[in-house]
Amino acid sequence: MTIEVGVALAAGLAPDRLLALARRAEEGGLDLVVLDPGADDPWTVATWLLGSTKAIQVGVDIEAAGVADPSAADGWFPQVAEKARQSLDEVAGARLLTDTSAWVVAPAGAAPDSLTSLISTDEPSGPGGRAVVVPATTEAEVDRVAGLLAELGGPASGRPRRPAAVRALRRPGIAYDEIPATLAAGAVEPGDPGYRGVRSTYLRGGSPGLVLRPRTPAEVSDALGFARRHTHLPLGIRSGGHGVSGRSTNDGGIVIDLSAMNRIEVIDPARRRVRIGPGATWKQVAAALDAYGWAIGSGDYGGVGVGGLATAGGIGFLSREHGLTIDHLIAVEMVLADGSMVRATATENPDLFWGVRGAGANFGVVTAFELEAHEVAEVGSAQLMLVVPDLEEALLRFGDLATSAPRDTTVFLVTGPPRPGGSVIQLYGLVDSSDPETIVERLNPFAGLGSLVQQQVVLARYTDVMNQAPDVGSDGHHGHGEPHSHSGLIGALTPEFARDAAAMLRTGGVQFFQLRTMGGAIADVHRGATAFSHRDAAFQVTALGGNRRALDAAWDGLRNHLDGLYLSFETDTDPDRLADAFGTRALGRLREIKRRYDPQNLFRDNFNIAPHFNSNNSNNSDNDPAEDA
């Protein structure tokens, strides 16, 4: 049995004495110092001790001291208090205890056997129950208590020992003590030092109750087994954490973080076959393939994780020439909802292979992707910024240029609300050529869309293009709040679309508007070959806004132009969006696959394809002229 032992410091001690005793307790390996509620301003003293020590917990009975707890949700300034709590966590970690149920006070001079009899081991906070503290006023008394801790021994389970301050932050409904032994060492709880680096994603703020970090397919199976015992909680599956929808984090649920599964290996040089783990990023993939002169087209940002993009579609700089990322897939290795491991190819579990390419988040966790790379030498990487007096006209001209450009040229457009004097548009993209004259020839028409105020066109390796994304360090992503984004697909950029898009931007409800050029090799693939079925789209449209209501109202003006959507850039999880994304017939086939591989709907938090037909949902209507899948 693991017992936390500490000292209770008496009121009336001078601040320097309190600090000396707290540091002595920390040096002696004790877990906790508790301040007597009779001390002057115990909250300030506790904060000062936390900032002056490194690891030891500090407990204070705020209520008994008659001082308002600034961390309380109903306090005077809840938002200010929460910011102060976050700042304290950054400085001192989860070491502050204000809940007196976390400890029990033993008599002075208590012996080891009396300490064990004082505490209960079945506390909901976890193994070891409450801490036990012994009164101390001198260094000698602190040393004696430290000696008691040595006599009681350390943890016997081999699991990480989490102090009471960490256990106090555990979320309800999670059996923390039942985390599989294979995952316990890497698991991250809300009070752990590494929690801040895994709680949020690129755009979305999160506060999951537990983050599991498997390193092997067997550990993924263990993680899913744990998740099956917690189906009352949200479940997020994370590769790179860059997804706009932010569904790889949650509030109070479980996240399975695949970032450690990031191996990249060439398995067949003659056929340019590559095996990639889901936790790798596309900049890492580009760097690994550069030595071979190869590339695999992904999106437009190297910091995106492989797992999410390679199961959704992958509309990127090389898509018009070589197809979507999913069109490079040869095989996937997966762990299904029941924990079993399977391989899916065009001939082995072909229905699963079809569904993974476009709706993969619904069927299991892909632990390895096998893809075929293409030979890509130096490329022309372009970033152009222009001011246009008439956004509607510029959008229409861009549509003509982008769709008529050779397949080796892909240019995306980004703009926002118009400014006095015109709209600023940013064009960025790639020309798959190492010839400077060809690159200039391809880009010159785009540079004539308006007044060119800034430009950068360089001859670069594809890995250099992807490497413009910064690495995500150990402190992780720091998204906050809830992102609001809508996505759509259009078959052509018509005058009517350009008119309504310009009107939408004038409302101010959209802060970021993007057109990704499609066509070319994307359309060469039969629309029923993969779950991503909108092969005839000319552009993918994205709009982001800071206010959901304003964004929705602005976006409504474009809906009549849209034919489908791309789930990677959509935050509206209404079931109707599934029919938009897949079409009714493909969605029916996806439900069949879901019933076979995930009948209990474990994977339901990322645009859930429910396994059971519900006639009340409009996404089951049969009024969509979608392809035969």
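Model, not experiment: these values are computed from the prediction.

(A) Quick look at the overall build of the protein chain. Helices and strands together make up the secondary structure of the protein chain, namely 21 helices and 23 strands. Out of the 629 residues belonging to the protein chain, those deemed buried represent 53%. By sequence separation, contacts in the protein chain at least 24 residues apart represent 74% of the contacts at least 6 residues apart. Carbon together with sulfur atoms contributes 50% to the accessible area of the protein chain, which is approximately 25900 Å² in total.

(B) Quick peek at the nonpolar core. With 40 residues, the main nonpolar core has V332, L352 and F582 as its most contacted residues. Of all elements in the fold, only β11 (273-276), α10 (282-290), α11 (306-312), β13 (329-336), α13 (350-359), β15 (364-372), α20 (576-582) and α21 (584-597) reach the threshold of two or more residues within this core. Apart from the residues within four sequence positions on either side, V332 is in contact with V342, R343, A344, F353, V356, V366, A368 and F369.

(C) Representation of the sheet that holds strand β18 (residues 409-415) in the model. Taken in spatial order, the seven strands line up as β20-β17-β19-β18-β22-β23-β21 in an open sheet, and their pairing is antiparallel. The sheet terminates laterally at β20 (451-460) and β21 (485-490), the two strands that pair on one side only. In this sheet, neighbouring strand axes are inclined to one another by 15 degrees on average, regardless of whether the strands run parallel or antiparallel. Sheet strands touched by helix α17 (residues 495-506): β18, β21, β22 (512-517) and β23 (539-544). Its angle to β22, the strand with the most contacts, is close to 155 degrees.

(D) Structural detail: unusual backbone geometry. Of note in the backbone geometry, R272 takes a positive phi value of approximately 55 degrees without being a glycine. Mapping R272 onto the fold places it in the loop between β10 (264-268) and β11. A positive phi angle is found at N601, which is not glycine, with a value near 60 degrees. Its relative accessible area of 14% is what places N601 among the buried residues.

(E) Spatial organisation of the sheet that holds β10. Here five strands make up an open sheet; going across it, the order is β10-β11-β15-β13-β14 and the pairing antiparallel. The sheet is open, and its two borders are formed by β10 and β14 (341-344), each paired with just one other strand. Neighbour-to-neighbour, the strand axes of the sheet open up by a mean angle of 20 degrees, direction not taken into account. Sheet topology places β11 next to β15; four bridges connect them, and they run antiparallel. Within the sheet, the bridge partner assigned to I276 lies in β15 and is F369. Strands in contact with helix α9 (residues 217-228) are β13, β14 and β15; relative to β13, the strand with the most contacts, it is inclined by about 45 degrees.

(F) Region of interest: the side chain of D351. Secondary-structure assignment places D351 in helix α13. On the accessibility criterion, D351 (18% relative accessible area) is buried. One polar contact links D351 to R596, side chain to side chain, over a distance of 2.8 Å. In this view, D351 contacts R589, I593, R596 and Y597; residues no more than four positions away in its chain are not counted.

(G) The arrangement of the packing of aromatic side chains in detail. In this structure the tally under the stated criterion is nine aromatic pairs. With 6.0 Å between their ring centres and 80 degrees between their planes, F532 and Y566 make a pair best called edge-to-face. Highlighted residues: F532 in the loop between α18 (521-524) and β23 and Y566 in the loop between α19 (548-555) and α20, separated in sequence by 34 residues. The pair F532 / Y566 is uniform in exposure class, with both members buried. Linked through ring pairs, F317, F412 and Y428 together constitute an aromatic cluster.

(H) Structural view of the pattern of salt bridges. Across all of its chains, the model carries 34 salt bridges by this definition. The shortest N-O distance in the salt bridge between D251 and R171 comes to 2.8 Å. With a gap of 80 residues between them, D251 in the loop between β8 (235-238) and β9 (254-257) and R171 in the loop between α7 (164-167) and α8 (181-184) connect regions that are remote in the sequence. Classification of D251 by relative accessible area gives exposed; the value is 52%. According to the relative accessible area criterion, R171 is partly exposed, its value standing at 26%. A salt bridge links E333 to R275; the nearest nitrogen and oxygen atoms lie 2.5 Å apart. With a gap of 58 residues between them, E333 in strand β13 and R275 in strand β11 connect regions that are remote in the sequence. Put simply, R263, E265, R275, E333, R343, E348 and E370 are held in one network by salt bridges that share partners.

(I) Main features of the pairing of strand β3 (residues 57-60). Side chains of β3 alternate between two faces, with Q57 and G59 and V58 and V60 buried alike. Here four bridges tie strand β2 (residues 32-35) to β3, and the two strands are oriented parallel to one another. Opposite L32, over in β3, you have Q57 as the bridge partner. Here β3 runs beside strand β4 (residues 96-97); their pairing, made up of two bridges, is parallel. Within β4, the residue paired with G59 across the bridge is L97.

(J) Representation of helix α15 (residues 436-447) within the structure. Between the first and last C-alpha of α15 there are 16 Å, a value that for 12 residues agrees with the 16 Å anticipated at 1.5 Å per step. Residues of α15 that are buried: T438, I439, L443 and F446. Looking straight down α15, one finds its buried side chains confined to an arc of 110 degrees; they lie on one side. In this structure, α15 carries E437 and E441 as exposed residues pointing more than 90 degrees from its buried face. Looking at the packing, one finds that the buried side of α15 touches β17 (379-388), α14 (391-404), β18, β19 (423-431) and β20.

(K) Seen up close, the side chain of H484. Positionally, H484 belongs in the loop between α16 (462-466) and β21. Not counting residues up to four positions away in its chain, the partners in contact with H484 are A543, L544, G545, G546, N547, R548, L551 and T571.

(L) Quick look at the environment of L203. When you line up the elements, L203 lands in the loop between α8 and β7 (210-212). Put simply, L203 and P483 are 280 residues apart on the chain and 6.0 Å apart in space, counted from C-alpha to C-alpha. With residues near it in sequence (within four places) discarded, L203 still touches V244, G479, H480, G481, P483 and L544.

(M) Main features of the confidence of the model for the protein chain. Confidence in the prediction of the protein chain, expressed as mean pLDDT, is 89, and 89% of residues score 70 or more. Overall, residues 121-128 carries pLDDT values under 50, and its contacts beyond four positions in sequence, including any with other chains, amount to 16 contacts. pLDDT under 50 marks residues 615-629. Its contacts with residues more than four places away, or in other chains, come to 33 contacts.

(N) Inspection of α14 at higher detail. Across its 14 residues, α14 extends 20 Å between first and last C-alpha, which sits within 8% of the 20 Å expected from 1.5 Å per residue. Taken together, the buried positions of α14 are occupied by L391, A394, L395, F398, G399 and A402. Looking straight down α14, one finds that the buried residues subtend no more than 140 degrees of arc, so they occupy a single side. For α14, the N-terminal cap is D390; the gap from its side-chain oxygen to the backbone nitrogen of E392 is 3.1 Å.

Conventions we followed
- Residues numbered from 1 in each chain as written.
- Predicted model: local features only at pLDDT ≥ 70, side-chain atom pairs only at ≥ 80, totals over all residues.
- Heavy atoms only, no water.
- Helix = DSSP H or I, 4+ residues; strand = E, 2+ residues; numbered from the N terminus.
- Buried < 20%, exposed > 50% of the residue type's maximum accessible area, 1.4 Å probe, protein only.
- Contact = heavy atoms within 4.5 Å.
- Areas by Shrake-Rupley, 256 points an atom, 1.4 Å probe, with all protein chains shown as cover.
- Core = buried A, V, L, I, M, F, W, Y, C linked by side-chain atoms within 4.5 Å.
- Pairing = 2+ DSSP bridges.
- Axes fitted to C-alpha atoms, helices over the stretch in contact; angles between N-to-C directions.
- Polar contact = N/O pair within 3.5 Å; in protein donor to acceptor, adjacent residues only side chain to side chain.
- Phe/Tyr/Trp six-rings, centres within 6.5 Å; stacked < 30°, edge-to-face > 60°.
- Salt bridge = Lys/Arg side-chain N within 4 Å of Asp/Glu carboxyl O.
- Expected span 1.5 Å × (residues − 1).
- Arc of directions from axis to C-beta.
- pLDDT = per-residue confidence, 0-100.

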